[in-house]
Structures are given as C-alpha cells and as structure tokens.
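Topology and contacts: notes
One letter stands for each residue in the lines below.
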Amino acid sequence: MQSDSLELKIKTAFQRPAFNFLSFGVVALCLLMALPVMVIVGYIFVPAGDVWQHLADTVLKDYVSNSLLLMLGVAIGVLVLGVGAAWQTSMCDFPGRKIFEWALLLPMAMPAYIIAYTYTGLFDFAGPLQTLIREMTGLGYGEYWFPEIRSVEGAAIMLSLVLYPYVYLLTRAAFLSQSICVLDVSRTLGNGPWRTFFTVALPLARPAIIAGLSLALMETLADYGTVQYFGVSTFTTGIFRTWFGLDNSAAAAQLSAMLLLFVFILVMLERISRRQAKYHHTSQRHQAIVRFKLSGLRGVAAFSFCFVVLFLGFLLPAGQLLYWALTTAEESLDLDFLILVWNSLKLAGLAAILALCLALFLGYANRLQNGWLVKTAVRVAGMGYAVPGTVIAVGVIIPFAAFDNAVDAWMDETFGLPTGLLLSGTLVALLFAYLVRFLAVALQTVEAGLGRIRPSMDEAARSMGCKSQEIIRRVHIPMLKGSLLTALLLVFVDVLKELPATLILRPFNFNTLAVRAYELASDERLADASYAALTIVVAGILPVILLSRSITRSRHEDTT
Amino acid sequence: MRVKFNWVAVAVVSLVGLTAAQSAVAADEVNLYSARKEKLIKPLLDRFTHTTGIKVNLVTGKADVLLKRLQMEGKNSPADLLITTDAGRLHRAKAAGVTQGFKSSLLESEIPASFRDSEGHWYGLTLRSRPILYVKGRVNPAELSTYEALADPKWRGRICIRSSSNIYNQSLVASMVASSDVAKTEMWVAGLVKNFARPPKGGDRDQIKAAAAGQCDIAIANTYYLAGMLTSKDAGQRAAAEKMAVFWPNQNGRGAHVNVSGIALTKAAKNRANAIKLAEYLIGEAAQKWYAEKNGEYPVRAGVAQSSVLEHWGKFKMDSLNLSRLGELNPDAVKLMDRAGWK
Amino acid sequence: MKIQLEVNNASIAYGDKEVVNRVSFTLQEGDIGSLLGPSGCGKTSLLRSIAGFEPLSKGEINLQGCCVAKPGYMVAPEKRRVGMVFQDFALYPHLTVADNVIFGLRGETKKQRSERLNELLQLVDLQHVAHHYPHQLSGGQQQRVALVRAMAPRPDILLLDEPFSGLDVELREQLAREVRDILKRDNITAVLVTHDQLEAFAMADFIGVLGEGRLRQWATGYDLYHKPADPFVADFIGQGVMLAGTVTGANRVDTALGMVEGSLSANVADGDRIKLLLRPDDLLHDDDSPLQLEVVDKAFRGAEYLYTLKLSDGSHVMCLVQSHHDHAIGRSIGVRVHADHLVTFPAD
C-alpha cells in the first residue's frame, strides 16, 4: 500500500511535463518576499564597531534574558489557559460550554498592545484598583503587595491572555479528532479522567499543542507594542533602539539575526511537530464524543476557569475600552476618525486580497509542481510571519530606497528625467511589508483548503469528463470558498492590528487606527485611544467567529 | 531588439507620466516629517493651509525613524521639513547631512541664539522644561536645590523617573555632561539610580501619578504633562496633578534644563519657499499661543502670553547651553546611563 | 463479443525505474478483470495508465479498438469515457449524494438526469440518503455512491482502484459480490485493482497476477490456484509449501514425504530436480497411514484445523483436517498425499 500512495504523490493530479515558467515565477516571487529578511541577514557581515561591544557589555544580556523570560512566561501561560480550556470544552460538559467553545477565541481579536494599555489603566499603582485598595485599607506605597503590571511578568500575562487561543484552537481540534476509543481504553485500564488526560490525551495532542505554542511564541518574539509600552527591553525594542537611537544598522541587523535564530528554532519545532501529527490520527471515522458530565462543584469549577480566562482576556479590557470611549475620551466620532477607519479598512482589504492572490498562486504552483525547489521557495516566502514588523520595515526601506535612487540616477543620466522616489514612502512599500509579514497566514489557510481537495477528486472529475477549468469551477471554487474567506479575514485583521511596520512605512497624510491608538497611548492618553482601539477589536471579532465556525465544519468534511 | 526598445519606451513614458503627475501636485504644497504626534500638529497645519492656501502633507513617526527614512531616501526624499520634539535629534539630523542651513530674519530675531543652530540648520519652536516635581506636603521645597543634589542618599527610594531610552532623560543627562564631564555625570547617575523608588517604567504622566499616589515623593517630568493632567477631563488625573508642585532647579547656577521642539529644512527640500513660510508661521504669535494653551509648552518667542497654568508656575532661569550640545553628547549620555544601570 | 480493452506490451517508468514491464491482456465486453498483486507491484500504475493519468513508456492501450495511449501520446482522461472508483472514494464533500452522482452527466435534460439518478440510487438502494452529504454516510454507503457516480455517465469501462480497502473485512466480500451483480446486470466491463485475492475471486472473471511489474499469469481464479504459472503466483495465491524433489519415472516424484504420485506436465523429464507445490488440501488425514508426522503448529478454522507438520528433513507441510480431529502440538498424526495433478517448478 505504501508505495502505491507514494506513486500517487510523485505523480499528482495534473500530469504535465515540467513547466519551467511556473517554477521560475514561484522562485522569483518567493525571493522577493524573502528580500527584507535577506537584507537584514546581509548586514551580519558588516562590522558593527564598538557599539556591539557596548551592547554586549551592558544591555544585551537584558535583551536575551527578558526575551527568554517572556517566552517562558508566555509558554506556561498559553499552555495552562489554552490546553485547559480546550480539554474542558471538548471533553467535558458543563453549563455554558457551547458558548465558551467559540467565545474563548475572542481574545484573538484583542491586539496585545491594546490589552496592555487597558490593564495598565486598571492595575497601575495609580489606577482605580490600587487606589481603591489604598483608600479602603489606608495603606500607602510599599505597605501592601500588588503585582507590578509593567514588568516582564506583566507582559507575559498580557501576551498569554491574547495568544492562548492559538493553543486552544489547535489543541481542541486535536482532542476532537482523537479516537474516543483510545481514551476509553485508558478508562478501562483503571485510569481516572485526570490520569487519562495526562497519560493519553495530552501526549496524543502534543504535536498540536507544540504547533500552537510555537505560533504563540513567534508572536511573542515579534511583539513590539506591548514590551515597548511596558519598558521591557527585549530583542525587538533593542533592535529599534540600536538601529534608530544608536544609529548603528550593522549592530541592529546582528541583533535581528540573533532574533531570527530564535524564530528559526521555533519554526523547526513547529514543522517537526506537524510532521508527527500526521501519524497521530488514529481514527478516520466520525465518532460522537461522550463528554464527561461535570456537575455540582466540578461544573462550577470548569465554568469559572473558562469564564475567568474569557473575562481577563476579553470582557474586562473590552469593557474598559468601552467605558473610556463613553466617558473620558476627548476624541469623538468626527469625519477625521471616519477617514482613519476608511484608511485602515482600505489598507487591510487591499493587503488581504493581494495576500490571497499570491497564496493561491503559490498554493497551486506547489500542488502542480511538487518539486523540492518550489516547495522550499514557498516555505521561504512564508518565513516572514515569524519576523517582527520592525525588522521587516527596515528590510523594506533599504532596498526600496536603493532601487528608487538607482532608477532615478539612471533615468536622469540617460534621459535627463529624474524620477524621484517611485516606491519609497508609498502605499506600495507598506503593502509589500504586509505581504512579507502575513503571506504565510493566507498561504497556510489556502494550502489547508487545497489539501482537502485530494488528487483523487481532480482525477474523478477528469474521468467523468471535466476539463481543468470545469474542475476549478465545479470542484475547487466551491470547496475552497470557506478557506479563501478565512484567509482573507485573517490577513485583514492582522493588518488592521499591525503596528510597527505601519508606523515606519506609511506615506504622507495617512494614518490608521492602530497608529492612532498607539500615538495616543504612547502620549499617555489611554482614554483617548479607546475609540481607535475599540474599532480594531470590533473588526477583529468577526473573523474570529467565522474561524470557530469553519473549524466545526471542517471537522465534518475531514471525515468523509 | 524592437521589442526591447518598445519596453524601454513604455517604461520611460509611464515613469515620466508619474513624475509629471507628482510635480503637478507639488505646485503648492509642503511635505513634513513630524515627530510631533498628529494631534499636536495637525490643527496648526490646517490653519496654515487655511491662511496661505499651501497644502501640508504630513507623516508622523518616531524622530529616529523619520531621520533614518530621510537618510535612506537621500536626495530624492519628498520631505521638505523635519520636526522633532527635542534638540538632540535635530542635531543628529544635521550631523547626518540631511538638513540644510537657511536664513530667515524673522526666525533669527524671534528665537534666542541658544535655541537655534548657528548655521540655521534648525530652529526651536517651543520650549519644554524638565524641572523637579514634588508632592506638596511631603517634600519641603527648601530641601531641593539642583539636579545634582538628587543623587544625595537622603532621597533613597523617593524618586520616580522614566526609562533611559527616553530622549528627554538622555538630553537631561547630556546637559549635565556638558556642565561637567562624563565621569562625574556617571557617578551622579549611579547615585540617582540608587534613589529610584521603582525600576523606571511608563511615561512622564505615570511618574506624576505614582508620586501623587504615594509611591515616591519626587518625579522628574516635562511640565506640559503636568499641565495636560491639570486640564484633563479625567477627575483622577486632575486630582493627581493637583498634589504636585513645580520646583525649578539650578536657579543659582546654569538654570533649569530645557529642550526644544524644533524644525529643520531638509537637504532634499523641493518646496523651499513654502517650507520656510511654514516654519515662520509656526513661530508666529498665533501658533506659539496655541502650543502654550493646548499643550502647556513654553513659547520660544518672547512676549507671547502664557497659559494661566504656566503663569502659575512662575518665571524661571533656563539653562543657556546651546542645544546642539545635547545632540553631540547624546551617545555619551546613552552609554553612561547603560553603564550606570539606568534601565 | 467485442474486445473492450486491450493492453499491449505496456510499460510504465518513473525516470529510470520501470514499475510496469511489458504487460499484455485483453478484456471482452462485459468481462470483469482484476489486477492482483502485493504492494508496489505496479497494479495501480497500470490502472491509472488505462484511466489516462500515467503515460506509457512502451507498448499501447486500446479502448474499443482505438489507441488511447502509447509512448509520447495520451488521450486526456476526460476524453476516454472511463469511469473510475477511487480508493478514498473521492466524493465531493460540498455536494449531496444526488449531486455527486449526477456530477458527470452532461448534455442530458433535467428529466433524464433525475431518471438516471433514481435508477442508480435504486440499484444500490440509497434513495433515502439522496439529499445527505457524504460525511453523513457510512463507509459502505460512501463506497456505493462512488460506484454509481462512476457508472452514471455510462462509461465504456469502469476502473476500480482498491475500492474496498477502506472498509471492514465483513463488508468487503459482501460488497464485492454486490458490485459484481450490479456490473453484470448492466453488462459493464470493469477492471479492479486489489491486493486481496478473495476480493478478486469474488468479483473478477479473469485475474492478472502482477509481481515486480510483470504480469505473471492472466487466468481465472480456479486456474491461478490449481495451475499457477510460476512460483510467485503459487506463493501469492492460496496457501502451500514447496517441497524439493526429484522426478523418478512417469508421474512420480521423490520427496521428503516419500514418493508422490500424480500426473506431471509434459515438460519435466525423468531425473529432473524440481520443486513440488503442495496445497493444504493435497494432504489427507489418515490415522492408518504409515506416514506419521509431528504437529508443530495448528490453527482452528471452524470446520477445520490447519496443521503445520514437520518432515524428517526439517521442512514443513500444511494439512487441513476436519476439526473434530484435535491433536495436540508435539503429537504425530498420519497423513497421505492425494493429488491428481502435480504442480512442479524447476529447482533453483
């Protein structure tokens, strides 16, 4: 059987002689997408001078230790929240479970920097909560203990609260697809539910958990807004400071390269775990899960766990934003704000459509031309997702400006017609940065969708007399519709939330909601930032709900 | 060959078309890179456009990023003007060779020499002082004297100040290096760090709030933050700000540390005349007054009425150090703060 | 009878590696053929080349007398009028059962389509799930939908690629017989690829055993079992052992079992060293037989026991014995050889 399916893989659906134009196009596109990262990596070999020595002597160990601490904290946080919530909603039954199933995804709509603003407003020393404690107890500073929100731990908590859905999402899917028999076997062998969880379900779901974890950690490494706001020096803030503050591109690029090494390890980890995942699907057939009924105290405990997670990750910060928006904000819903919203939507929409088109192109190229070259190129194009926006922005500015100036010089010399800057400082540069950063999101979704169209489905259609266009129209489009919409929305929301690259690359007279929220918050006007922040969150909720629905659906389709 | 030539022709025509379109638009406008947040510059620009008919294209961002962008874009940069919120960055822009000197008799007559570049590469627009703020009742102002004295062990655990990554702190330290030397300043910073009530975090308002809430007795912050809190819609912020008083340090010596927000003409400027018009507008009485009232900054132009809040804090002696020095000494300041452990 | 499918010296190669080597066979209209063989024998590649998904490196394939494939030439699958049932069924999850079934119908009126649909669903008894989606069906139901979907456009030939392998064992044989009935009723020519000989026996009129890319034998199930063409077929089909022996005179072979008598094929001569195929049913249990052999293993088969017996030279033979004769391992039982036709192969 094995070699038969191998043959199937070697000779895929559309049997064509090698089409070199396609491979060429794919490789060229992927190289373009990898350009910013390559520019950064290229700087490794430029001597950084004494700045590097200064960094190594003083702040480098902070960058490393804070980044590691942050990752450790986020890892623990997302594992506890994500796996716990996934287990309870997929294997247990308790009041409110059906609502929690999708509501627990809501924190995904909350950008980390925005949750950081609201928590700072609430829990800072001078915030309402601590003030209340002081008023009630009469204690002053230092006479009572209260966790410091603006710290590495605080940042880890903030990031955990909004990143756990990655783990929740994948782990839940893994739990749901686990053969219930495997769990039953454990029960018959005399293991209680808890033992079964730790000895059977958890190890079986490990690939999914690791995949979710590595996604969350990549986001953690890429975070700029939160750590910058909390004054925690990590690689991202360090890169920013070294590049712009110390004005040393080489040292900053070397820091970026160190960061990329971290990212690379995570990517490998994720790849390996994903490979294992294929062997872990033990049962193909749909089987209704018999959930452990939790009643009484245990039901209350499960409900409380899920509620607290949802409350801290979404309800509380969203509520605070709403409160600010309604009471103290000086900002109003004027024309200016509407333009802001329109800019954001326009940009996010454009980026989403472009990303989708590229993802479709690459996805199909990969399907048609299953060689290592195309495969590697597509992977490389997806790497940008793990690279912080700051690094990408810098990697975009340098080659674009160089290109523009070269074209200008050449045109001036040859035709006496200077062209000025063609791409730098335009939306093109910004959109390109978004594509570099978020293409992977669309690509992954599109590839997952294409993966569901098995080669045999194409072949069945052909044997029933369909030509390629007809297969696309009658099989691919209807089957991909959901994935395409999901990809579109995921990129849309990611772009809407994106901060550092937007901040650096946007053209004249162009602001977005994220930039507005950040500017006001960094100017210490948290309340005024609430309108923009709230709009981002609201826009983010829609795809989250859609995502949770498509998961329930895909579970059915996978079992055919 | 023919095909190739056609492609070149198409490329040329379209590029020319683009440039033509660009220059057509460029007729009556001026392009501004501003490190001032949109909220604190846009209203003035709108007024400028209203009065002069010159359209202002704005992009805001961190000063260092904008500076980097100017450098990358080189002679083709679309920006005509660069506005930053501190003199150090203006100096850095000049050093990086992205600015050019220009003469304006209005700017030269209205702006004191220490608040502008001697070669006219940049001009200060507003003054921002960074005095010592103390909690009324908990600190006797008679105990306060100079910045230097804050390193005294008697302030152990009583001082709130933000991170050393912040340019205002970098400039403050640079001004101290200018008045003494690196070694002495590093010792001072080490002493100051020992007196911190908490690891530096948050912005200037956070220091004020923390002091008002009792976490420390002294906060170092720019005055306009305090002014902003005093006029805030948020009752909590107002209450916190009202607990604080301003102490002007070093009045018997060089004076309190001040910095400027300022404007520079870029080397690549294509709308030079409009750019200078805008700079002159920003030094005009109306604009100066707007900054004083809207954002609690001190007008750089003499004789402009200050807001009542600023009046209330009284007149003070300013450090007369030429602000270019802040930029020159910035790398030294950053490194010594790193060494002395100011996070 | 007209020839529906003719495979002529067909070879398939991936790069330098030839996975199918000069295979030839023909199928008459209404015949069901099966390509049987172990994993990696090339049977799926061959089927896919008939469907039009694999190019030939040598030889040719003719459908209804027209060449559809030869080196450098391939008629596209959609133009061959073949129906194919895939191992994974390849049902479209976004379409209902009814829409899946009529997927390949084109040119018909709406009425004709619904008539064909009803006819087909009735054939496989699935009218009640016409508006269900594939994921709501059981494996057996999905299989039947895949079958009628492939049949719907009335293809000239139906190709089935391991269509029962995803199903439960009990279901397999039952479905194989059902499918055979359906195909026979409509006089449909079909090729089935499988690695399960019982499935092939249940469905096919002719079976081709493939080993290492070569067609070892093309024959009925009966002939494969009783007259295997080579040791590979003998080994792959049914159970049995090879005993070394020497031909000693007409129709006599001397082996470790003693002298075995039975008709020998013409191409062996006196004194030849050969291998003799002994099926379990070639040995009869006889307590009185002078040939007493030690039981080394036994397997209960319901009506029978399958005993593994040890010969004096250490080699093993197998023997089917009615299950009321229960002998313990280690004990000896009496057997005698009863074979009319001796199947022999040259010794290595």
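Just so it is clear, the model here is predicted, and its values are computed rather than measured. (Residues numbered from 1 in each chain as written. Chains lettered and ligands numbered in written order. Predicted model: local features only at pLDDT ≥ 70, side-chain atom pairs only at ≥ 80, totals over all residues. Heavy atoms only, no water.)

The next point concerns the overall build of chain C. A tally of regular secondary structure across chain C gives eight helices and 21 strands. Oriented by its inertia axes, the alpha-carbon framework of chain C measures out at about 75 × 45 × 35 Å. Going through the 348 residues of chain C one by one, you find that 53% of them count as buried. A sequence separation of at least 24 residues applies to 65% of the contacts in chain C between residues at least 6 apart. Only carbon and sulfur atoms are counted for the fraction: they give 47% of the accessible area of chain C, which is about 15200 Å². Here chain C holds 35 positive side-chain charges and 46 negative ones, and the gap between their average locations is 7 Å. (Helix = DSSP H or I, 4+ residues; strand = E, 2+ residues; numbered from the N terminus. Buried < 20%, exposed > 50% of the residue type's maximum accessible area, 1.4 Å probe, protein only. Contact = heavy atoms within 4.5 Å. Areas by Shrake-Rupley, 256 points an atom, 1.4 Å probe, with all protein chains shown as cover. Lys, Arg positive; Asp, Glu negative; His and termini not counted. Charge placed at Lys NZ, Arg CZ, Asp CG, Glu CD.)

Here we take up the interface of chain A and chain C. In this assembly, 29 residues from chain A lie in contact with 34 residues from chain C. Summed over the shared surface of chain A and chain C, the result is four salt bridges. Notably, a salt bridge pairs C:Arg106 with A:Glu470, separated by 3.1 Å at the nearest N-O pair. Scanning the region where chain A abuts chain C turns up eleven residue pairs in polar contact (both at pLDDT 80 or more). At seven residues, the largest contribution of residues to the side of chain A that touches chain C is made by helix 19 (residues 455–463) of chain A. (Salt bridge = Lys/Arg side-chain N within 4 Å of Asp/Glu carboxyl O. Polar contact = N/O pair within 3.5 Å; in protein donor to acceptor, adjacent residues only side chain to side chain.)

Residue and element names in this part refer to chain C. As paired elements, strand 10 (residues 206–211) and strand 11 (residues 214–219) share five bridges and run antiparallel to each other. Directly across from Ile207, in strand 11, lies its bridge partner Ala219. Counted along the chain from strand 10 to the antiparallel partner strand 11, the turn is two residues long, and its residue Glu212 has a positive phi close to 50°. (Pairing = 2+ DSSP bridges.)

A word on the arrangement of the chains. With two pairs of chains in contact overall, the contact-richest pair is chains A and B. Without any contact between them, chain B and chain C keep their closest C-alpha atoms 35 Å apart.

Taken together, the contact between chain A and chain B spans 61 residues of the former and 58 residues of the latter. Of the roughly 5100 Å² buried between chain A and chain B, counting both surfaces, carbon and sulfur atoms make up 53%. Taken together, the links from chain A to chain B amount to four salt bridges. Inspection of the chain A/chain B interface yields 18 residue pairs in polar contact (both at pLDDT 80 or more). Of all the elements in the fold, those that place two or more residues in the side of chain A that touches chain B are helix 3 (50–57), helix 11 (225–230), helix 12 (235–245), helix 17 (389–415), helix 21 (500–505) and helix 22 (513–522) of chain A. The element contributing the most residues to the side of chain A that touches chain B is helix 17 of chain A, with eight residues. (Buried area = accessible area lost by both parts, 1.4 Å probe.)

Of all hydrophobic cores here, the largest spans 223 residues; its most connected members are A:Met33, A:Leu104, A:Phe175, A:Leu362, C:Leu5, C:Tyr92 and C:Leu159. When residues of this core are assigned to their parent elements, the largest contribution, 16 residues, is made by helix 18 (residues 427–452) of chain A. Ranked by size, the runner-up nonpolar core spans 99 residues in total, among them B:Ile132, B:Cys216, B:Tyr225 and B:Leu326. (Core = buried A, V, L, I, M, F, W, Y, C linked by side-chain atoms within 4.5 Å.)

On average, residues of chain C carry a pLDDT of 89, and 100% of them reach 70 or more. In the predicted assembly, ipTM is 0.80 and pTM is 0.77. (pLDDT = per-residue confidence, 0-100.)

Residue and element names in this part refer to chain B. Under the domain assignment, chain B is made up of domain 1 (28–127 + 259–311) and domain 2 (129–256 + 324–340). Tallying the contact residues gives 16 residues for domain 1 and 15 residues for domain 2. Where domain 1 abuts domain 2, roughly 1200 Å² becomes buried across the two surfaces, and 60% of that area is made up of carbon and sulfur atoms. A per-residue breakdown of the area domain 1 buries against domain 2 is headed by His91, Tyr298 and Val309, which together make up 33% of the total. Linking domain 1 with domain 2 are zero salt bridges, by the criterion used here. Counting across the domain 1 and domain 2 interface gives three residue pairs in polar contact (both at pLDDT 80 or more). Those elements giving two or more residues to the side of domain 1 that touches domain 2 turn out to be helix 4 (87–95) and strand 5 (122–129). In terms of residue count, helix 4 provides more of the side of domain 1 that touches domain 2 than any other element does, five residues in total. Of the residues in the side of domain 1 that touches domain 2, the class split is five nonpolar, six polar and five charged. (Domains from an automatic or database assignment. Nonpolar A, V, L, I, M, F, W, Y, C, P; charged D, E, K, R; others polar.)

Further remarks concern the state of the cysteines. Applying the stated criterion to the full structure yields one disulfide over all chains. Bridging B:Cys160 to B:Cys216, the disulfide has an S-S length of 2.0 Å. Where B:Cys160 bonds to B:Cys216 through sulfur, the torsion about that S-S bond is close to -110°, and the disulfide is left-handed. With B:Cys160 in strand 7 (residues 159–160) and B:Cys216 in the loop between helix 8 (204–212) and strand 8 (218–220), this pair connects stretches of sequence that are 56 residues apart. For the pair B:Cys160 and B:Cys216, a shared accessibility class is recorded, and that class is buried. With no disulfide of its own, C:Cys66 lies closest to C:Cys67 among cysteine sulfurs, the gap being 8.8 Å. What makes C:Cys66 partly exposed here is its relative accessible area of 47%. (Disulfide = S-S within 2.5 Å.)

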